[in-house]
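Survey of secondary and tertiary structure
Here is what each chain is made of, one letter per residue.
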Amino acid sequence: MIAVLAGGVGAARFLRGVVRLPKASDVTVIVNTGDDTVMHGLHISPDIDTVTYTLAEAIDPQRGWGLADESWNAMANLGRYASVIPDGSSAGQTWFNLGDRDLATHLYRTARLAEGATLADVTDEIARAWDLPVRIIPMTNDRVRTMVTRADGATPREIPFQEYFVKLRHDVPVESIRFDGADAAMPLGLDALEPADAILIAPSNPLVSIAPLRSLAGVDDLLRRRRDHVVAVSPIVAGSALKGPADRLMRELGHEPSVVGVARLYAPIASALVIDEQDAALATAVESEGIRCIVTNTIMSTPEITTALARTCIEAVS
Ligand code: FO1
């Protein structure tokens, strides 16, 4: 049995390799929900949707989020109301792009939640509707929201994650991050992490994708206890994030934006860190952080490379 801790785009691509492995009949993916947001009254779970659409081979390959062959009529038609939106209203926002096809998922999720279903129930229903070969579970059924405090003096200083990521294109300096609601939230997936032969930390942002999962009660303790079975893939290659603001956030929040910085974050909970060949010269520095270092090609540019990366991870800890 394999358990994977996942964020969005990087994790979803990595999971494609995991599910292709012959041994991967029993895979549970625990997905970050700190990025979740409500837009137009609809509950959006971006990382769950990215993982679902990617594994269903329905993702838009260029954007890495949303559905392929998308149209944007609903968004375009919201434009009619732009001039009449009252001050202080959050209606009619168009900075967060919801495609016409994608909207069906958010409509379904929101309706089921309103009927009293849990996020885990709905996530499973959506995964089954897309014929996914894995179990996908949200990190919690409770409301946890990643909140970002800006360091540029703008007000409000603290904003929800999607405002930082999409509206401001993650192009503002950040002072701190917190996971609102994490203290009271009940984690899901501990029953999958406990017996797993391999626990894989996908190449996701350690500070805003994996940290929300780690912030939930008991998760880090379990990972520490099962450290011999935990392997992480660095999302930082040659000092940069392959996608998104991981390198910038690491620098701004006092972490070295390199595989060594990633090693420091993961050494307490993982026994091995997989880094890219471009960082081979840093392998000794990684190991001096107390974590085994495995060097391989982590740039998932072909199905073969992605599957080989997943195999390397599993072999490292099984
Ligand atoms: N990312 C963007 O950069 N711009 C968008 O307008 C956007 C819309 C969106 C809608 C649904 C969804 O499931 C994901 C969406 N994403 C968008 C991706 C998402 O905001 C981020 O990739 C993650 O939150 C970071 O992991």
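Values in this document were obtained by computation on a predicted structure and should not be read as measured data.

Each value, and the rule that gives it
Residues numbered from 1 in each chain as written. Predicted model: local features only at pLDDT ≥ 70, side-chain atom pairs only at ≥ 80, totals over all residues. Heavy atoms only, no water. Salt bridge = Lys/Arg side-chain N within 4 Å of Asp/Glu carboxyl O. Buried < 20%, exposed > 50% of the residue type's maximum accessible area, 1.4 Å probe, protein only. Helix = DSSP H or I, 4+ residues; strand = E, 2+ residues; numbered from the N terminus. Core = buried A, V, L, I, M, F, W, Y, C linked by side-chain atoms within 4.5 Å. Contact = heavy atoms within 4.5 Å. Near = heavy atom within 4 Å. Polar contact = N/O pair within 3.5 Å; in protein donor to acceptor, adjacent residues only side chain to side chain. Areas by Shrake-Rupley, 256 points an atom, 1.4 Å probe, with all protein chains shown as cover. 1 Å grid on protein atoms, 1.4 Å probe; cavity = no way out; pocket = protein on both sides within 12 Å on 5 of 7 lines; lining within 4 Å. Sits in = over half its atoms within 2 Å of the grid points. Nonpolar A, V, L, I, M, F, W, Y, C, P; charged D, E, K, R; others polar.

Re the pattern of salt bridges
- Going through the model one piece at a time under the given rule, you end up with 18 salt bridges.
- Between Asp180 and Arg178 there is a salt bridge, and its shortest N-O distance comes to 3.0 Å.
- Given the relative accessible area of 29%, Asp180 is considered partly exposed.
- The partly exposed category is assigned to Arg178, whose relative accessible area is 37%.
- Put simply, Arg248 and Glu252 hold a salt bridge, and the shortest N to O gap is 2.8 Å. With Arg248 and Glu252 both in helix H10 (residues 246-252), this residue pair falls four residues apart, about one helical turn.
- When its relative accessible area of 27% is taken as the criterion, Glu252 is described as partly exposed.
- Taken together, the salt bridges that share partners define one network made up of Arg112, Glu115 and Glu125.

Points about the nonpolar core
- Within the largest apolar cluster, 50 residues are counted, with the highest numbers of intra-cluster contacts made by Leu5, Tyr164, Ile201, Tyr266, Leu273, Val286 and Ile291.
- Ranked by the residues each element gives to this core, the list is headed by helix H11 (residues 259-266), at six residues.
- If sequence neighbours within four positions are ignored, Ile291 has contacts with Arg227, Ala263, Tyr266, Ala267, Ala270, Ser271, Ala272, Leu273 and Val286.
- Judged by nonpolar contacts, the second largest core, of 34 residues, contains Phe14, Val51, Val231 and Ala272.

Focus on the site of the ligand
- Taken together, 15 residues lie near the ligand, and Asp35, Asp47, Trp65, Asn97 and Gln162 sit nearest.
- Asp35 places a side-chain nitrogen or oxygen 2.8 Å from an oxygen atom of the ligand.
- For the ligand, the accessible surface in isolation is 540 Å², of which the surrounding protein chains cover 90%.
- When atom positions are compared with the pocket grids, the ligand is found to occupy the largest pocket.
- For the shell around the ligand, the elements supplying multiple residues, two or more each, are helix H2 (46-55) and helix H6 (161-167).
- In terms of residue count, the dominant contributor to the shell around the ligand is H6 (four residues).
- Taken together, the residues of the shell around the ligand break down into nine nonpolar, two polar and four charged.

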